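Report on the structure
Each chain, written out:
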Amino acid sequence: MAQLIISRKNDLVKQAAKLGQSASFRRQEGLFLAEGARLCADAADSGAVPARVFYTARAREKYAPYLERILARAQEVFEISEPVAELLSETRSSQGVFCLCRMEAERELSNLPLAHCLALERIQDPGNLGAALRTAEALGVSSVLLAGECCDLYSPKVLRASMGAVFRLPVFFCGALPQALAALHRRGFFSCAAVPDPAALPVTEADFSRPCLMAVGNEGNGLAEETAAACTLRVTIPMQGRAESLNAASSAAILMWEMMRPGRDCREG
């Protein structure tokens, strides 16, 4: 039986709202707020246990099939007023469905699967991160490694842009990618640094028949030079137009597409 909350000053509502707004508060509490009927259902279907679910009376009628999946795993359930939903929402037209979930424990880098992996270094734009995760899942990349000071994996914009990939794709973290690469090379990984350099090997000429870690850098500055130097090989995306580079999500999508195509060998020349 859902408890009713009509006040925007309710403590549980204020906590949920802060989780949607503050990365530091999410880390402190070990919780995040997901918004939207499908996204919350994806979280529940993927094994996340919603500590709390909030929904409006309108959402209960309109999104009943999604709510059934969410409520089956929920620990606490609250029906909220429309003004409360407006406070919690990060979108212009809220669906009125929210769930508060616990973050997954950080995975040990030694457990990174020995298969094709995307590494993102110091990615700052939540839309880029979410889109890269969504594409990685769609193309069958085994995992994603976030290196350095990336934007928060559990920010509302990342969650929405990933279309639930955050819940299904193994994501790992490391402080400094060059040091992580040394250990991953010893395990049998081959690594490629994606760079906007015409002297680098065109990615279309690389053959990815060995487990490869594809490293893509920050939106403004690309990969750190130390990271590029630590990689086995530098690759680039051949471009015919006037643009000198692509944004991080677009670059990652093209590079992953080439990496996941069979019959290529990731080596120089």
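Placed above this text is the structure.
The text that follows walks through the structure, step by step, so that each part is easy to find. This is a predicted model, so every value here is computed, not measured.

1. A look at the nonpolar core
- Of all hydrophobic cores here, the largest spans 58 residues; its most connected members are Leu 118, Leu 120, Leu 133 and Met 214.
- Among residues more than four places away in sequence, those in contact with Leu 120 are Leu 129, Ala 132, Val 144, Leu 145, Leu 146, Ala 147, Cys 150 and Val 216.

2. A look at the packing of helix H7 (residues 126-139) against helix H12 (residues 248-260)
- The geometry of H7 relative to H12 is characterised by a closest axis approach of 9 Å and an angle of 15 degrees between their N-to-C directions. Considering the angle they form, H7 stands roughly parallel to H12. At the point where H7 passes H12, the crossing takes the right-handed sense. Side by side, H7 and H12 meet where Asn 128, Ala 131, Ala 132, Thr 135, Ala 136 and Leu 139 of the first sit next to Ala 248, Ala 249, Ala 252, Ala 253, Met 256, Trp 257 and Met 260 of the second.
- Broken down by class, the residue content of the contact of H7 with H12 amounts to 11 nonpolar, two polar and no charged.

3. Observations regarding the packing of aromatic side chains
- On inspection of all chains with the given rule, the structure shows three aromatic pairs.
- Relative to Phe 167, the ring of Phe 32 has its centre 6.0 Å away and its plane inclined at 20 degrees; by these criteria the two rings are stacked. Highlighted residues: Phe 32 in strand E2 (residues 31-35) and Phe 167 in helix H9 (residues 165-168), separated in sequence by 135 residues.
- The class for Phe 32 is buried, based on a relative accessible area of 2%.
- Seen from their ring centres, Phe 54 and Phe 78 are 5.5 Å apart, and the 20 degrees between their planes marks the pair as stacked. Taken together, the residues Phe 54 in strand E3 (residues 50-56) and Phe 78 in strand E4 (residues 76-80) connect sequence positions 24 residues apart. The pair Phe 54 / Phe 78 is uniform in exposure class, with both members buried.
- Taken together, the aromatic side chains of Phe 32, Tyr 154 and Phe 167 make up a single cluster linked through ring pairs.
- Over the aromatic face of Phe 25 sits the side chain of Lys 18, whose NZ or CZ is 4.5 Å from the ring centroid.

About the cut-offs
Residues numbered from 1 in each chain as written. Predicted model: local features only at pLDDT ≥ 70, side-chain atom pairs only at ≥ 80, totals over all residues. Heavy atoms only, no water. Core = buried A, V, L, I, M, F, W, Y, C linked by side-chain atoms within 4.5 Å. Buried < 20%, exposed > 50% of the residue type's maximum accessible area, 1.4 Å probe, protein only. Contact = heavy atoms within 4.5 Å. Axes fitted to C-alpha atoms, helices over the stretch in contact; angles between N-to-C directions. Helix = DSSP H or I, 4+ residues; strand = E, 2+ residues; numbered from the N terminus. Parallel < 35°, antiparallel > 145°, perpendicular 65-115°, else oblique. Left-handed = near helix turned anticlockwise from the far one by under 90°. Nonpolar A, V, L, I, M, F, W, Y, C, P; charged D, E, K, R; others polar. Phe/Tyr/Trp six-rings, centres within 6.5 Å; stacked < 30°, edge-to-face > 60°. Lys NZ or Arg CZ within 6 Å of the ring centre and 35° of its normal.

None of this, on its own, says anything about what the molecule does.
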